[in-house]
Amino acid sequence: MENNTSRRSFLKQTAILSTGTLIGSSLLQDAFANTTQPLLEETGSDIFTNSIEEGTFVLPKLPYSTDALEPHIDKATMEIHHGKHHQAYVTNLNKAIGTLDKKLVESSSSLETIFKKMSQFPDSIRNNAGGHYNHTLFWELLSPNGGGLPKGKLAQAITSSFGSFDEFKKQFADASMKRFGSGWAWLVVKDGQLVIGSTANQDNPLMRLKGKGLKGKPVMALDVWEHAYYFKNQNRRADYINSFWNVINWEKAEQLFNS
Ligand SMILES: [Fe+2]
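Residues numbered from 1 in each chain as written. Predicted model: local features only at pLDDT ≥ 70, side-chain atom pairs only at ≥ 80, totals over all residues. Heavy atoms only, no water.

Trainee: How should the sheet that holds strand E1 (residues 183-190) be read in this particular structure?
Mentor: Strand pairing within a sheet occurs via backbone hydrogen bonds; the two strands may be parallel or antiparallel. Sheet architecture is open: three strands sit in the order E2-E1-E3, paired in antiparallel fashion. Since the sheet does not close on itself, it has two edges, and those belong to strand E2 (193-200) and strand E3 (217-223), each with one partner. The average undirected angle you get between the axes of adjacent strands in this sheet is 20°. Where helix H6 (residues 123-140) meets the sheet, it contacts E1 and E3, and its direction lies at approximately 85° from that of E3. (Pairing = 2+ DSSP bridges. Helix = DSSP H or I, 4+ residues; strand = E, 2+ residues; numbered from the N terminus. Axes fitted to C-alpha atoms, helices over the stretch in contact; angles between N-to-C directions. Contact = heavy atoms within 4.5 Å.)

Trainee: Would you take a moment to explain unusual backbone geometry for this structure?
Mentor: Most of the time, phi is negative for any residue but glycine, and the peptide bond is trans. With an omega dihedral of 0°, the bond running from Glu70 to Pro71 counts as a cis peptide bond. Among the secondary structure elements, Pro71 is positioned in the loop between helix H2 (27-31) and helix H3 (75-97). Within the chain, Asp191 stands out as a residue other than glycine whose phi angle is a positive 50°. Residue placement: Asp191 occurs in the loop between E1 and E2. You can call Asp191 exposed: its relative accessible area is 72%. The residue Gln234 is not glycine, and still its phi comes out positive at about 50°. (Buried < 20%, exposed > 50% of the residue type's maximum accessible area, 1.4 Å probe, protein only.)

Listed below in structure tokens is the structure:
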């Protein structure tokens, strides 16, 4: 009972404090909302009024239908990727939090605060919290109305940092291709500069880990696990990356850049 109470307290605090954090919007607040809440809908402060859902991470709904990104990303891939893979990270994150030391739970207020002291947590939290966070972000960075060119300050920053949009695409695709095995490619802001890089497995640039891994505020994310493209593209990651440019949600990337 005591463990359940502290867990609920942790999660409730997390939902409150995650509002207006680095990712902006209602992304992580919604990630804690009950299953009737869509991903992008503002949920307000009463998301825990349904006590049966209290203290539980949930799979956020996609902000579009599973076939909305066709023909660039196919319906079957979206159904499995979101409904099976992302769901598994959510399920296993809930299980992993139940095993944590009470003091560690009580000293953590959000996924982002967990990432800031990542080395204190077991791999079960690192993998599943990262998986939940990264995929929630990824769904928002795709759109059936996406593609084309970035706009506004982000477009200016890309040109300034990489010389041209084509050169930026080349470097981002290169980072995506060179990530060995499973992981993510990222565009981040670090020390006021745009930086392209990648992370392994479900790590992300917000995690403070030992070593020289990519650090910064996420602006773009591309899932390069085979589960993201194998059903349609088999082993052809390059084809999947080409498709990504047709569905990238530049409005969301711009929002993240400006946040
Ligand atoms: Fe994935």
